[in-house]
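Structural description and commentary
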Amino acid sequence: MTTSPTTDVPAGHTSVGGDRRGRTTVAALAITQTIGYGTLYYAFAVLLNPLAADLHTSTTAVTGAFTASVLVGAVLAVPVGRWLDRHGGRALMAAGSAAGVLLLLLFSRVDQLWQLYAVQVGMGAACAASLYEAAFAVVIALTSPERRAGSLLAVTVVAGFASTVFLPLTGWLVDAHGWRTALLALAALQTVTVPLHALLVRRPAHPVRPRHDAAASNGAIRGALADRGFWLLALGFTAHTAAISALAVHLIAALVSWGHRPAFAAAIAGLLGVLSVAGRLLTTGLQRRHRTTTITAAVFAVQAAAALLLPIVGTTTGGAIGAVIGFGLGFGVATIAKPVLLAERYDTGRYATLAGILVVPMTLAKAAGPLAAAALQATTGSYAPVLAAVASCCAVAAVAIAAVISRPAASRHARPS
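So, here's what we can say about the structure. (Residues numbered from 1 in each chain as written. Predicted model: local features only at pLDDT ≥ 70, side-chain atom pairs only at ≥ 80, totals over all residues. Heavy atoms only, no water.)

For the rest of this paragraph, the subject is unusual backbone geometry. The backbone phi angle of H56 is positive, close to 55°, even though this residue is not glycine. Structurally, the position occupied by H56 is in the loop between α1 (20-55) and α2 (59-87). (Helix = DSSP H or I, 4+ residues; strand = E, 2+ residues; numbered from the N terminus.)

What follows deals with helix α4 (residues 113-130). Here α4 spans 26 Å end to end across 18 residues, near enough to the 26 Å set by a 1.5 Å rise per residue. Turning to α4, its buried residues number three or more, namely L116, V119, Q120, G122, M123, G124, A126, C127, A128, A129 and S130. (Expected span 1.5 Å × (residues − 1). Buried < 20%, exposed > 50% of the residue type's maximum accessible area, 1.4 Å probe, protein only.)

Here we take up the nonpolar core. The tendency in soluble globular proteins is for nonpolar side chains to be buried side by side. In terms of nonpolar packing, the biggest core is built from 90 residues, with L51, F107, L116 and F237 touching the most fellow members. Ignoring sequence-local partners within four residues, the contact set of L116 consists of F44, L51, L55, V62, A65, F107 and V110. (Core = buried A, V, L, I, M, F, W, Y, C linked by side-chain atoms within 4.5 Å. Contact = heavy atoms within 4.5 Å.)

Before going further, it helps to examine the side chain of T39. As for its position among the elements, T39 is in helix α1. What T39 contacts, discounting residues up to four positions off in sequence, is L104, F166, L186, L189 and Q190.

This part covers the packing of helix α15 (residues 333-345) against helix α16 (residues 351-380). One way to put it is that α15 packs onto α16 with a least axis distance of 10 Å and a crossing angle of 135°. Of the possible angle classes, the one that applies to α15 and α16 is oblique. Helix-helix and strand crossings are classified by hand; for α15 and α16 the assignment is right-handed. Along its contact with α15, which presents K338, P339, L342 and A343, the element α16 presents Y351, L354, A355, L358, V359 and M362. In the contact of α15 with α16, the residues fall into nine nonpolar, no polar and one charged. (Axes fitted to C-alpha atoms, helices over the stretch in contact; angles between N-to-C directions. Parallel < 35°, antiparallel > 145°, perpendicular 65-115°, else oblique. Left-handed = near helix turned anticlockwise from the far one by under 90°. Nonpolar A, V, L, I, M, F, W, Y, C, P; charged D, E, K, R; others polar.)

For the rest of this paragraph, the subject is the environment of G89. As for its placement among the helices and strands, G89 is situated in the loop between α2 and α3 (90-107). In this structure the C-alpha to C-alpha distance between G89 and V139, which are 50 residues apart in sequence, comes to 9.8 Å.

Counting across every chain of the model gives three salt bridges. Where E133 meets K338, a salt bridge forms, and the shortest distance between an N and an O atom there is 3.0 Å. Taken together, the residues span a long stretch of sequence, with E133 in helix α5 (residues 132-142) and K338 in helix α15 at a distance of 205 residues. With relative accessibility at 28%, the residue E133 sits in the partly exposed group. For K338, a relative accessible area of 3% gives the class buried. (Salt bridge = Lys/Arg side-chain N within 4 Å of Asp/Glu carboxyl O.)

What follows covers the packing of aromatic side chains. A complete count under the given rule lists 13 aromatic pairs for this structure. Taken together, the aromatic side chains of Y37, Y41, Y42, F44, F66, F107, Y132, F136 and W179 make up a single cluster linked through ring pairs. (Phe/Tyr/Trp six-rings, centres within 6.5 Å; stacked < 30°, edge-to-face > 60°.)

Relative to each other, α3 and helix α9 (residues 193-200) sit at 170°, their axes nearing to 8 Å. If you check the angle between α3 and α9, you find them roughly antiparallel. Contacts between α3 and α9 involve R90, M93, A94, S97, A98 and V101 on the former and, on the latter, T193, V194, H197, A198, L199 and L200. Classifying every residue of the contact of α3 with α9 by side-chain character gives eight nonpolar, three polar and one charged.

Right, let's get into the side chain of K338. Of note is the side chain of K338, whose polar atom sits 3.0 Å from the side chain of E133. If we ignore the near neighbours within four places in the chain, the residues touching K338 are E133, F237, Y351, A355, L358, V359 and M362. (Polar contact = N/O pair within 3.5 Å; in protein donor to acceptor, adjacent residues only side chain to side chain.)

Bringing the state of the cysteines into the picture now. Here, disulfide denotes a covalent bond that connects the sulfur atoms of two cysteines. Scanning all chains against the criterion turns up zero disulfides. The thiol sulfur of C394 is not disulfide-bonded, and the nearest other cysteine sulfur, from C393, lies at 7.0 Å. (Disulfide = S-S within 2.5 Å.)

Counted at 1.5 Å a residue, the expected span for helix α6 (residues 145-159) with its 15 residues is 21 Å, and the 22 Å between its end C-alpha atoms agrees. Within the sequence span of α6, burial applies to R148, A149, S151, L152, L153, V155, T156, V157 and A159.

Now for a nonpolar patch on the surface. Nonpolar side chains collect at one region of the surface, where L271, I325 and L329 lie side by side and expose about 200 Å² of accessible area between them. Relative to the helices and strands, L329 is located in the loop between α14 (317-328) and α15. Assessed through its relative accessible area of 32%, L329 is described here as partly exposed. (Patch = residues over 30% accessible without salt bridge, like charges linked within 9 Å, V, L, I, M, F, W, Y side chains within 5 Å. Areas by Shrake-Rupley, 256 points an atom, 1.4 Å probe, with all protein chains shown as cover.)

Right, dumping it as structure tokens:
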């Protein structure tokens, strides 16, 4: 019998629905992803202005540190993926979580801008090791195909509320105790993730055979990279990432420029988090009757239409709400669709490496999208061209994902048993 040396358990042998330990692992990951995203990612937005004031620098310089963190995640995506395929997620995720605790403590002691950049570079590495991509690799290894979408949904639905919980929590902590004490409190919360990763993420069930593993891994990855479908997925998800990152950053400013009050604009933008969860629930439910590519392409097309209509109808209250709802329903769909499509199409024993390859252009798009949108708005003096560009990216994404439907994989390796 051939075993997979690259996953936390032999692929196909366990399902979350029928295995108590598997369900426990998924529940633990739902908790750790919620806390991890809240402390290591979303809290930074609340800390932006206090940091700039205390460090006597601009918000642009402080934002640059966060951008550096995101880019470090892109650089590490492929090596992290290779590690996950080869050794599983337990050690890496526990180490990343522990590093997050230490970095939050160091963050609270920052006095100079270069120290902030150094901490954020480390934070990018901790995020790469412990957040979604690593968690998805563990879930893919644990679940059978029929249980996979539901397991991913369980993790992402809970973690989808990270911003809803941690943005106001961090804001209250900063107002009541200052940003340094707030970071100490966040570090205390982050410690919860370390034992959960160390004790509940499954270890590899079989020893690694380096020569056999390297040959099999290289063959599977070469087969995927030779498949046009893989690059269509890369194009689709990269274009979509650019669109949602640009709109997320500029939506409030656009609504205000069209005459809405800032409080109303902020409230409408706040719908995106809730709508992303609703979109994931809807997508997973539809997967029982329709192909994931069909659903994803349709959602991206709806987003393109909503973005195109937003400058036209967004001057009215009802029009703005309707267009944001149309766009927001697809806000979190790519998060759950990408791992499902990769696992359906390619060898799940190489999932993390292939996902890491996809993450690189997606992360670059995430960083560049808001900057490109700002430049376009500054050049034209209007947000209408920005929304047209967002709509175009969503349309490209829809066409690319839809095209994958009729393209069988060039080299599909059987799921190891």
